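Below, each chain spelled out in residue letters.
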Amino acid sequence: MSHKEFESFNIDTHLTEDFNSPQEIPLLPLRNTVLYPQQVIPLYIGRERSLQLLDDIFPESKLIAVVAQKDISTENPKEEDLYMQGTLAQVLKVIDMPDKSKSAIVQGIDRIKIIKLTQEKPYYKAIVQRVHEISYPNDDNIQALVRNLYNQFQTLVEKAQYLTSEHLDVVRVIKDPGKLADKIASILNVQVNEKQNILEVLDVKQRLTAVTILVNKEIQRMEISERIQSQVQDSINKNQREYFLREQLKAIRKELGDDDTGMDIKELEEKIEQANMPEEVLKVAQKELTRLERISPQSPEYTVSRTYLEWLIELPWSISTDDQVDISKAEQILNSDHYGLEKIKERILEYLAVRKLKQQKDPKAGVKGPILCFIGPPGVGKTSVGMSIARAMGRKFYRMSLGGVRDEAEIRGHRRTYIGALPGRIIQGIKKAGSNNPVFMLDEIDKLGADFRGDPSSALLEVLDPEQNFSFSDHYLEVPFDLHNVMFIATANWYDPIPDPLKDRMEILEFPGYTEPEKIHIAKSFLIPKQIKEHGLNPDDLTFTNDGISTIIEGYTRESGVRNLEREIANICRKVAREKVEKGIRKRRITSSMVTRYLGKTRYYSEIAERMIKPGIAVGLAWTAVGGDILFIEATKMPGDGKLILTGKLGEVMQESAQAALSFIRANVEQLGIDPNFNKEYDIHVHVPAGAIPKDGPSAGVTLMTAMVSVLSNRMVKDCFAMTGEITLRGHILPVGGIKEKVIAAHRAGIRDIILPAKNRKDIDEEIPLEVKREINFHFLDDMLDVLELALEPKEETEKK
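Residues numbered from 1 in each chain as written. Predicted model: local features only at pLDDT ≥ 70, side-chain atom pairs only at ≥ 80, totals over all residues. Heavy atoms only, no water.

**Notes on unusual backbone geometry**
Alright, step 1. Along the chain, K121 connects to P122 via a cis peptide bond; the corresponding omega equals 0°.
Alright, step 2. Looking at where P122 falls in the secondary structure, it is placed in the loop between β5 (102–119) and β6 (125–130).
Alright, step 3. The phi dihedral of N276 is positive, around 55°, even though this residue is not glycine.
Alright, step 4. Summarising the element assignment, N276 is placed in the loop between α8 (261–274) and α9 (279–293).
Alright, step 5. For C720, which is not glycine, the phi dihedral falls at a positive 55°.
Alright, step 6. Examined against the element boundaries, C720 turns out to sit in the loop between α26 (701–713) and β20 (721–723). (Helix = DSSP H or I, 4+ residues; strand = E, 2+ residues; numbered from the N terminus.)

Structure, rendered in structure tokens:
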């Protein structure tokens, strides 16, 4: 027990004056300690005679004689079993213990000698007399001994692990030489007979010398122990050395009373009770705790078991956040964070409405969290919408990136047999979120990989299945965790790489690219205020006109989202910030001409007018992982024997579309006004520029056929015409996907006429923004002959051009 736990109490001096002459007094034998004058210690009282003594003398009389016994194993010592020098002590407090024993706090008063033991039952009594120490006031030798003792004790504190700087602080303030010797002797970890010898020394000078000898012995013992340990370290193997160190550490902790293993077990037991685990998990935790109690704290298995219990305790088994059921407030939050995206907002509000109705009928009823998948090009706000959903619903948010994840254990965790095993990232995310119903974002789910370590997409099947995830089992935990309250949101740039079983479990919501008016609105409402603030500018320092923003969008960015737009706005803000610091310019109005001044020459421009100058060139529409884009398809003929050459890194499906187009042309040469023998006289070469980029898909069929008919019939494709659609051998046009992205890309490129499959009319009616529909003429056709009639110039017009 620490020596700072009990401070000295004032002694009632009139109670002790009579002991200058022999007096009879109750006597308390001590088994394994020696009490010094002025020392306050707690005593555990368990022997029947000692308990009877406390019952009789406290609180009426508080003085007793305390004396050490020679053999600690003697239960009822006789006079010859006791030392004949002891300490007069005052009982300060008695505490009843649960096991019917008592704990007494006593303070030593003065040295006494035992003259005679007068009573053994019901408790000990003896005739005692005070003995006076021999002191030397103002003696230089005493002062020298005191300094030497203090220095030696300071050295011991540095070497002995059971001593701390606190002991040194206690000793430093003691001025009386006799009390100093007593205090240091009480602190030392030495045998009872050695401490008793110090108690019996009345001459202060001799006592200081005796304590100094004891301190020196302790120093030598520490040095010898260190030396022996150093000598034998090379001769013992690793296991023996670990065992030796563990046993030594255990002994030191036991001696100091710092063995806190039991405290750790009790603390874990309390936390398990407070964790409110399901019954099945609680049984596993209690079983593991019982196992932990039997494991040595120095064993590596102890850490593994304890870490497992801590994971079970820290998981939010029954902690959940209350959903925001105020629909109008949730809608306000979604609208304030994002512009547009009406379908996504509508889906979230529908979920909240259902939850509100179910809670009105049954407050305890749960609503399975929807499993959504946001698919769209980069920069359109998929991840930030997830954060807004969490804020609108009043839930915690956690994002887990799946890009490049190839190991199934990343999702389901490693089994505890592996060194350093941990739960999978699903359970880790739930723990970090701190609730069992967060909005959990699985970012970049289309970029999951697979190798010899397993397929993580297969591990996600259970996570994303509402019929199974109520009992998700992680390999590390090996107990079920209920995920049905979690709202999972996956994001992807591309639909095709996602495995079909995963697609089947998710509700797909497509994020289209933004139109130019939408980008201007987003820039003015969100991006520009954000960048002005981040660059230390004031709102009055910088304003953007609509023309200025439009110039950035058309000339310096080519994207479906707004990331590059924000980057260019930040570029302008940096330049304005520099001007403000260097030249003191306070206001800048960013117009179209100012954009060119700050950002340099225009990076992108429309190629349609430059490239549509000869027959054999047609503009198609493509859908890529980064949104829609226009696709130039060039065809030329040359003398040959009817070969079809395809270049531009075309995929297998696109090559087959070109073959189908050529077969249709050969079957309808008369209707198309083409020489029937062209396949005997010419080879046809079809090339799709940007040859380093892979291209595939059936939707280029209409464009491929148009380019080939154009070159074979020597008729140019009309200006600002673009087209998309899959063709059959009979010339029928089939519907294709990604219509909104393709139309927005065409609008961005200046296209004003678009040919689409007739069955895609519904996509235009439902998805295309009104401002785009107003500026583009849509032609819905289902036969290639009609497409060619519409898209190709008459031969006379081509000859004129």
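**With respect to a nonpolar patch on the surface**
Alright, step 1. The grouping of Y44, I95 and M97 at the surface amounts to a nonpolar patch, some 280 Å² of accessible area in total.
Alright, step 2. Looking at the element boundaries, M97 is found in the loop between β4 (85–96) and β5. (Patch = residues over 30% accessible without salt bridge, like charges linked within 9 Å, V, L, I, M, F, W, Y side chains within 5 Å. Areas by Shrake-Rupley, 256 points an atom, 1.4 Å probe, with all protein chains shown as cover. Salt bridge = Lys/Arg side-chain N within 4 Å of Asp/Glu carboxyl O.)

**A look at helix α1 (residues 48–57)**
Alright, step 1. Burial in α1 covers these residues: R49, S50, L51, L53, L54 and I57.
Alright, step 2. In this fold, the buried residues of α1 make contact with β1 (23–30), β2 (40–45), β3 (63–68), β4 and β5. (Buried < 20%, exposed > 50% of the residue type's maximum accessible area, 1.4 Å probe, protein only. Contact = heavy atoms within 4.5 Å.)

**Observations regarding the packing of helix α2 (residues 140–159) against helix α4 (residues 177–187)**
Alright, step 1. Packing of α2 against α4 brings their axes to within 11 Å, and their N-to-C directions diverge by 20°. Looking at the two axes, α2 sits roughly parallel to α4. Remark: the crossing between α2 and α4 carries left-handed chirality. On the side of α2, the interface is formed by I142, V146, L149 and F153, while α4 contributes P177, L180, A181, I184 and I187.
Alright, step 2. Of the residues assigned to the contact of α2 with α4, the class counts are 9 nonpolar, no polar and no charged. (Axes fitted to C-alpha atoms, helices over the stretch in contact; angles between N-to-C directions. Parallel < 35°, antiparallel > 145°, perpendicular 65-115°, else oblique. Left-handed = near helix turned anticlockwise from the far one by under 90°. Nonpolar A, V, L, I, M, F, W, Y, C, P; charged D, E, K, R; others polar.)

**Remarks on the pattern of salt bridges**
Alright, step 1. Counting across every chain of the model gives 37 salt bridges.
Alright, step 2. Between E410 and R425 there is a salt bridge; the shortest N-O distance is 3.4 Å. Linking E410 in helix α14 (residues 409–412) with R425 in helix α15 (residues 425–433), this pair joins segments that are 15 residues apart in sequence.
Alright, step 3. Residue classification places E410 among the partly exposed residues on the basis of a relative accessible area of 32%.
Alright, step 4. Salt-bridge contacts for R578 lead to E582; the nearest nitrogen and oxygen are separated by 3.0 Å.

**Details of a negative patch on the surface**
Alright, step 1. Negative charge collects at one region of the surface, where E269, E270, E273 and E293 lie side by side.
Alright, step 2. The dominant element in the negative patch, judged by the number of residues it contributes, is α8, at 3 residues.
Alright, step 3. Position of E269 relative to the elements: it lies in helix α8.
Alright, step 4. Residue E269 is classed as partly exposed on the basis of its relative accessible area, which comes to 39%. (Lys, Arg positive; Asp, Glu negative; His and termini not counted. Charge placed at Lys NZ, Arg CZ, Asp CG, Glu CD.)

**Observations concerning helix α23 (residues 652–667)**
Alright, step 1. Between its first and last C-alpha, α23 extends 23 Å over 16 residues, near the 22 Å set by a 1.5 Å rise per residue.
Alright, step 2. Within α23, burial applies to M654, S657, A658, A660, A661, L662, F664 and I665. (Expected span 1.5 Å × (residues − 1).)

**Looking at the nonpolar core**
Alright, step 1. Counting 52 residues, the largest nonpolar core has L442, I445, L460 and L464 as its most contacted members.
Alright, step 2. Of the residues forming this core, the biggest block, 6 residues, is contributed by helix α10 (residues 300–314).
Alright, step 3. Each residue touching L460, except ones within four places of it in the same chain, is listed here: L402, I411, L442, I445, L448 and L502.
Alright, step 4. Judged by nonpolar contacts, the second largest core, of 49 residues, contains L352, I552, V562 and L565. (Core = buried A, V, L, I, M, F, W, Y, C linked by side-chain atoms within 4.5 Å.)

**Quick notes on the side chain of D683**
Alright, step 1. Looking at the element boundaries, D683 is found in strand β19 (residues 682–687).
Alright, step 2. Despite its burial, D683 pairs with no opposite charge; the closest candidate is K643, at 5.4 Å N-O.
Alright, step 3. Within polar-contact distance, the side chain of D683 engages the backbone nitrogen of G642 at 3.0 Å.
Alright, step 4. Among residues more than four places away in sequence, those in contact with D683 are T636, K637, M638, P639, G640, D641, G642 and K643. (Polar contact = N/O pair within 3.5 Å; in protein donor to acceptor, adjacent residues only side chain to side chain.)

**Considering the packing of aromatic side chains**
Alright, step 1. Under the counting rule described, the total for this entry stands at 7 aromatic pairs.
Alright, step 2. Between Y308 and Y476, the aromatic rings sit 5.8 Å apart at their centres with planes inclined by 65°, giving edge-to-face as the arrangement. In this pair, Y308 sits in helix α10 while Y476 sits in the loop between β10 (472–473) and β11 (480–481), placing the two residues 168 residues apart along the sequence. In terms of burial, Y308 and Y476 fall into one category: buried.
Alright, step 3. Ring geometry for F440 and F488: centres 5.5 Å apart, planes at 50°, overall tilted. In this pair, F440 sits in strand β9 (residues 439–443) while F488 sits in strand β12 (residues 487–492), placing the two residues 48 residues apart along the sequence.
Alright, step 4. Residue classification places F440 among the buried residues on the basis of a relative accessible area of 0%.
Alright, step 5. One aromatic cluster in this structure is built from Y398, F440 and F488.
Alright, step 6. When the ring centre of Y682 is taken as origin, the NZ or CZ atom of K637, which lies over that ring, is 4.9 Å away. (Phe/Tyr/Trp six-rings, centres within 6.5 Å; stacked < 30°, edge-to-face > 60°. Lys NZ or Arg CZ within 6 Å of the ring centre and 35° of its normal.)

**Some thoughts on the side chain of T321**
Alright, step 1. Secondary-structure assignment places T321 in the loop between α10 and α11 (327–337).
Alright, step 2. Given the relative accessible area of 19%, T321 is considered buried.
Alright, step 3. Residue contacts for T321: discarding those within four places in its chain leaves G394, R395, K396, S435 and N437.

Note that all results are geometric; they support no functional claim without further evidence.
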